[in-house]
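Architecture at a glance
Residue strings, one per chain:
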Amino acid sequence: MFSLKSVSALCGMAFPLALSLSPAFAASTAYPLVINNCGVELTFEKAPQRAVTLGQNSAEILLLLGVEDQMVGTAFWPSEVLPELAEANGKVKRLSQEIPTLESILAERPDFVAAQLAHLLGPESKVAKREDFANLGINSYLSPTLCTANHNSGDVHGARAEMWNMDQLYQEIDELSQIFDVADRGQALIADFKAREAAIRARVSTQANGLSYAFWFSSPSPEADAYLGGKNGSSGFIADLLGGHNVIQTEVEWPTVSWEGSWPPIPM
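Description of the structure in this document. Computed from a prediction, not measured in an experiment: that's the story for all the values here. (Residues numbered from 1 in each chain as written. Predicted model: local features only at pLDDT ≥ 70, side-chain atom pairs only at ≥ 80, totals over all residues. Heavy atoms only, no water.)

**As for the pattern of salt bridges**
Inspection of every chain in the model, using the stated rule, returns three salt bridges. Residue K93 pairs with E108 through a salt bridge whose shortest N-O separation is 2.8 Å. Taken together, the positions of K93 in the loop between α4 (86-89) and β5 (94-96) and E108 in the loop between α5 (102-106) and β6 (112-115) put the pair 15 residues apart, joining distant regions of the chain. Assessed through its relative accessible area of 46%, K93 is described here as partly exposed. The buried category is assigned to E108, whose relative accessible area is 12%. Between D192 and R196 there is a salt bridge; the shortest N-O distance is 2.9 Å. Of the two residues, D192 and R196 are both situated in helix α9 (residues 183-205); the distance of four residues between them amounts to about one turn of the helix. Relative accessible area serves as the criterion here: at 17%, R196 is assigned to the buried category. (Salt bridge = Lys/Arg side-chain N within 4 Å of Asp/Glu carboxyl O. Helix = DSSP H or I, 4+ residues; strand = E, 2+ residues; numbered from the N terminus. Buried < 20%, exposed > 50% of the residue type's maximum accessible area, 1.4 Å probe, protein only.)

Next comes the structure, spelled out in structure tokens:
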């Protein structure tokens, strides 16, 4: 469950600033565009006009790229949209605050579906599988962060042997900007993120605090166990970026941890 909000807030990103940087010169997309996405070859004859996003991260990337007029639906929003994207987001239909149904997606007649999480669009997804859309002639795109996770770990969210890094976000921004023929906006956004990440690293290197962090994503109910960020997910990256470490040391991406104890033990 990678959160663009977490990283963008950490980097202090402001949407108007990102797109007011010196223009990033990138060639217009030459269609047909062929992209290999998580082992699936996708061919785009033109930019999508009726995109649906499954996951807040996927939606916010497209909003940051300024293609809200080509979006017909979004679903799965764990938190509020970035304030600077609220107006653009208001133009896009919210299919579901949580997990949508396949029927609600198809009702919008999408020509493109982008997903953030495996349980929203993956082999074990109860929403849809990529072949469901492929059989209808609809291209589907998975966040590259999913391509590097081990989905045979026994956990629905997978596990990571190596830490997530910003290159995976940059790849996603770059590929989506090419798909929608806004590569210049994509490169400007990537340049903004890189500059802010570098500034944070320079500041933290002189102020490393060695703090330990725990990242709570959600719980199904007040009585249920908590989903916490594993050591190699985006939350582990943030802890490392801040000069500290994630107290959860499992490679599982989003393990469930009881409130009474923890797994593995959290040092006090």
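Moving on from the coordinates now.
**Points about the sheet that holds β6**
Overall, parallel pairing links the five strands, which are arranged β5-β4-β3-β6-β7 in an open sheet. Each edge of the sheet is formed by a strand with only one pairing partner; in this case those strands are β5 and β7 (139-142). Adjacent strand axes in the sheet meet at a mean angle of 20°, parallel and antiparallel pairs treated alike. The pairing of strand β3 (residues 51-54) with strand β4 (residues 71-75) spans four bridges and is parallel. By the bridge assignment, V52 is partnered in β4 with G73. Packed on one face of the sheet, helix α3 (residues 56-64) meets β3, β4 and β6 and runs near 150° to β4. (Pairing = 2+ DSSP bridges. Axes fitted to C-alpha atoms, helices over the stretch in contact; angles between N-to-C directions. Contact = heavy atoms within 4.5 Å.)

**Considerations on the packing of α3 against helix α8 (residues 166-179)**
The interhelical angle for the contact between α3 and α8, taken along N-to-C directions, is 55°, at an axis separation of 10 Å. With respect to α8, the axis of α3 lies oblique. For the pair α3 and α8, the sense of crossing is right-handed. On α8, the residues touching N57, S58, I61 and L62 of α3 are L169, E172, I173 and L176. Split into classes, the residues belonging to the contact of α3 with α8 amount to five nonpolar, two polar and one charged. (Parallel < 35°, antiparallel > 145°, perpendicular 65-115°, else oblique. Left-handed = near helix turned anticlockwise from the far one by under 90°. Nonpolar A, V, L, I, M, F, W, Y, C, P; charged D, E, K, R; others polar.)

**A short note on the nonpolar core**
In terms of nonpolar packing, the biggest core is built from 42 residues, with L65, F112, I173, L176, I179 and F180 touching the most fellow members. Where this core is concerned, the elements lending two or more residues are β1 (33-37), β2 (40-44), α3, β6, α8, α9 and α10 (234-241). It is α8 that provides the largest number of residues to this core, a total of six residues. Ignoring sequence-local partners within four residues, the contact set of I179 consists of Y31, L33, I35, F44, A47, P48, F112 and Y141. The next biggest cluster of nonpolar side chains, apart from the first, holds 19 residues, and it includes L54, A75, L117 and L120. (Core = buried A, V, L, I, M, F, W, Y, C linked by side-chain atoms within 4.5 Å.)

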